[in-house]
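Analysis of the macromolecular model
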Amino acid sequence: MRTPSRSTLAALACTLLVGLAVGCGNARHAAGVTIHVSDWGGASADPNMARFQRTIMDHWRHLHPDIHIRWEHIPGSTEYVSKMLTAFVAGTEPDVMSLDASSAAVFIDNGCLKDLAPLARRDHVDLGAYWPNVLAMEARGRRLYALPGDFTPMVMFYNKKLFQRAHLPYPQDDWTWADFLNDCRALTVWPRGALHPTQYGFLAQNWMPAWIPFIWQNGGDVLSPNGKRAEGYIDSPATIAAVTFYAGLVQQHLAPSLSQTQAQGADPFENGLCAMEITGHWSLVGIKASDTINLSDVGVVALPQNVRRVTVIYESGFAVTAHTRHPEAAWLFAQYMSSPYVQIKKAALGIGISGNRAVAMARASSNPLEPAFLRAVPAGIAPWGARVEDYAQVEDIGTEMMQDVLIGGMSPAVALRQAAARIDPELNS
Amino acid sequence: MRRVSPASAIGSYVLMVVAAAAAMTPFVWMVLVSLHPSHGALPDPAHLLPKHLQFANYSQVLHMDATPFLRFLMNTLIVAVSVVCGQLLICAPAAFAFARLSFRGRDWLFYLFVASMMIPGQVTMIPAFLVVRSFGWLNTYWALIVPAISSAFGIFLLRQFFLTLPRELDEAACLDGCSPWATFWRIAAPLSSPALATLSVFAFIATWTDFFWPLLVTSTTGMRTLEVGLSLFKDAFGSTNWPLQMAAAVLVLLPVLLVFLAAQRFFVRGIALTGLKG
């Protein structure tokens, strides 16, 4: 019988100890203050983004050589929230964090963030320079928890070539659900004998930011105004009618089914399979890099309206954490990220619209697609996630509800009633 | 002995080949997409076979400045190998003690270990994070290795195996003057290679594929592991470059596959002997 030698045991132990020893120890900081900054989105392979980050950090070092920045990029929006919450529990939170409107309430309502309003007053920061409805997303009354970075309203992208081919005029900002439905019908191409249309009017996604504006436009909502109840709202007649309208686009084959979209693998709007899609400013980056669609063939228009004109705005800003050990340095950095210098450079990347009105207007004057986004801003409201701490669960249930309707064939009224019954215990737990 | 008819043998082979092909399809698809030209959309099944094999995708993934894959690979190897070694060194003697030594409260202690397997990881994550932070281990290999170094599952698995070894071996060793440690080290451990290999593969795969814990305890790109790196990579490319994403996914998966193939013989035997097959 072969016995393991002492050297085998020693090798095992050595491997373990080497593993433990390599790289242990805390990072050492140079002289001065080091502030820890977290944002979500991870690294970027985009050379423009890398250049942007290098440029602003070089500029920051020039302005504040004694304040060093340790920047942590955290992949994935859900993981970002989880990691930040854990860090707050453990007291290892960053000094400055990127605050996304879709999850802002979790951090604001739990006292994780510093009220920046007194600092803004003290340093005469001109809060009037920002879009008021964007600034309001990170505020609670007179308290302000972040300075705006960039944002986007959800708008309709359309493929100009497909509109021209169908001899349709381009949609205008005052278009209605009826106009939208007519355009979807005219843009859907279903050759005789084919199993499916070869072209669809619209790309229907089971992504709540894409379909919640339909509910709002119809006068409905998913939660009560105080965000504490779903029953009576998500299952209201107005909401049911909106979901029925949205699901009808798939059921009438004016939009591909969810499985057809999944099977595409690529964006069906970019591929030319769908003539319209609801999305945000960030999509311009992908379209610019796309081999299948030219940016000049893309048009942008406000969402079609029904009983009211409304859309949702997604925004991200920079917040200072409540218990930072370097509040002044953190505040300086949050101001810097929100400053025209950084905002002009960030806006040039095309990811979002600057929260600073002057910067956004200046960019709109030289870029043909920007004005359509800006025209949609006044009708933009904050996502529920900016106001309700547990909204992530509501979104999960909402997504399952729409899946039951679009894939399972469940009636919207039944699916929404079930969703209400599931959401209320979550909100009141 | 009952003879298997040729028809039934052929039938079972056909069934197994079909099942194996179905299981392999996602992996084959992933490899084929990874060899398509960069920046391409997902190919439809009719054009899955690339016209020209783009092995350059792999080299591109390995040499990205924003996502240093070789660094992620080194970190993951250090962590995975350390955890495997740690689990072997800690779980095997503990399991032997539970299987062979008589001491007061042994069974209750063992049940406590087994019960701890039922506590979801999410429940222990924050306390573990607080402990790691209090030691000043955040963003170090210590945080990635130490919490995983012992495993109730590993102790359970090895104990079940040690129970199958004949007691006569212990008694003979005792008559020859072996201490319990010597009995473990000279008799039980050498006979346990299938179970030890099984535990190694389980520990290696669990560590290799762990995402959230490394995300929580590391904060710099240089300390990230492959799974977190893959997520960073996905964020960097969005859905615009499937061939590169698939190349990255293949690179992450390959070492696990190699470990499994190398230990497959022991792994299957270990599962059969420890009663894990159910």
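The following refers to the structure shown. (Residues numbered from 1 in each chain as written. Chains lettered and ligands numbered in written order. Predicted model: local features only at pLDDT ≥ 70, side-chain atom pairs only at ≥ 80, totals over all residues. Heavy atoms only, no water.)

Moving on to the overall build of chain B. A count of helical and extended segments in chain B gives 13 helices and zero strands. Start at the N end of chain B and walk to the C end: the helices and strands fall as α-α-α-α-α-α-α-α-α-α-α-α-α. Counting every position in chain B, which comprises 278 residues, the buried fraction comes to 44%. Counting only contacts in chain B whose residues sit at least 6 apart along the sequence, the fraction spanning at least 24 positions is 73%. If you sum the accessible surface of chain B, you get close to 14,500 Å²; carbon and sulfur atoms cover 70% of it. (Helix = DSSP H or I, 4+ residues; strand = E, 2+ residues; numbered from the N terminus. Buried < 20%, exposed > 50% of the residue type's maximum accessible area, 1.4 Å probe, protein only. Contact = heavy atoms within 4.5 Å. Areas by Shrake-Rupley, 256 points an atom, 1.4 Å probe, with all protein chains shown as cover.)

Where charged atoms from two side chains of opposite charge come close, those side chains can pair. Residue and element names in this part refer to chain A. Here the structure, examined in full by the defined rule, presents twelve salt bridges over all chains. Ionic pairing is found between Lys161 and Asp297, a salt bridge with its closest N-O pair at 3.7 Å. You can see Lys161 sitting in helix H7 (residues 160-165) and its partner Asp297 sitting in the loop between helix H12 (283-289) and strand S10 (298-301), a full 136 residues away along the chain. Judged by relative accessible area, Lys161 falls into the partly exposed class, the value being 42%. Overall, the relative accessible area of 14% leaves Asp297 in the buried class. (Salt bridge = Lys/Arg side-chain N within 4 Å of Asp/Glu carboxyl O.)

All names here are of chain A. Counted residue by residue, helix H9 (residues 208-217) has ten buried out of ten residues, so it is predominantly covered. By the burial criterion, the buried members of H9 are Met208, Pro209, Ala210, Trp211, Ile212, Pro213, Phe214, Ile215, Trp216 and Gln217. Packed against the buried residues of H9 are helix H8 (177-187), helix H10 (237-251), strand S9 (274-279), strand S11 (311-320), strand S13 (380-381) and helix H17 (391-406). Positive phi appears at Gly219, one or two residues downstream of H9, with a value of about 85°.

Attention now goes to the environment of Ala204 of chain A. All names here are of chain A. For Ala204, the location among the structural elements is in the loop between strand S8 (200-203) and H9. By relative accessible area, which is 1% here, Ala204 ends up buried. The spacing of Ala204 and Thr261 is 57 residues in sequence and 8.8 Å in space, taken between C-alpha atoms. Here Ala204 is in contact with Tyr246, Val250, Ala255 and Leu258, once residues within four sequence places are set aside.

This part covers the side chain of Asp221 of chain A. With respect to the secondary-structure elements, Asp221 of chain A resides in the loop between H9 and H10. Only 2.9 Å separates the side chain of Asp221 of chain A from the side chain of Trp216 of chain A, close enough to count as a polar contact. (Polar contact = N/O pair within 3.5 Å; in protein donor to acceptor, adjacent residues only side chain to side chain.)

One broad rule of soluble globular proteins: the nonpolar side chains tend to lie buried together. Counting 59 residues, the largest nonpolar core has Phe180, Phe202 and Met276 of chain A as the members making the most contacts within it. Per-element tally for this core: the top contributor is H10 of chain A, with eight residues. One finds Phe72, Val84, Trp185 and Ala188 of chain B within the second-largest nonpolar core, a separate group that totals 49 residues. (Core = buried A, V, L, I, M, F, W, Y, C linked by side-chain atoms within 4.5 Å.)

All names here are of chain A. Within the secondary structure, Gly149 sits in strand S6 (residues 147-153). Taking the C-alpha atoms as reference points, Gly149 and Ala238, 89 residues apart in sequence, are found 34 Å from one another. In this structure Gly149 touches Glu315, Ser316, Gly317, Gln343, Ile353, Ser354 and Gly355, once residues within four positions along its chain are discounted.

Our next topic: helix H9 (residues 180-191) of chain B. When the terminal C-alpha atoms of H9 of chain B are compared, their 15 Å separation across twelve residues agrees well with the 16 Å that a helix rising 1.5 Å per residue should span. Of all the residues in H9 of chain B, the buried ones are Ala182, Thr183, Phe184, Trp185, Ile187, Ala188, Ala189 and Pro190 of chain B. (Expected span 1.5 Å × (residues − 1).)

This part takes up the side chain of Asn139 of chain B. Residue and element names in this part refer to chain B. Among the structural elements, Asn139 can be located in the loop between helix H5 (121-134) and helix H6 (141-145). Judged by relative accessible area, Asn139 falls into the buried class, the value being 16%. Of the polar contacts made by the side chain of Asn139, one reaches the side chain of Thr220; its length is 3.1 Å. Ignoring sequence-local partners within four residues, the contact set of Asn139 consists of Val217, Thr218, Ser219, Thr220 and Met223.

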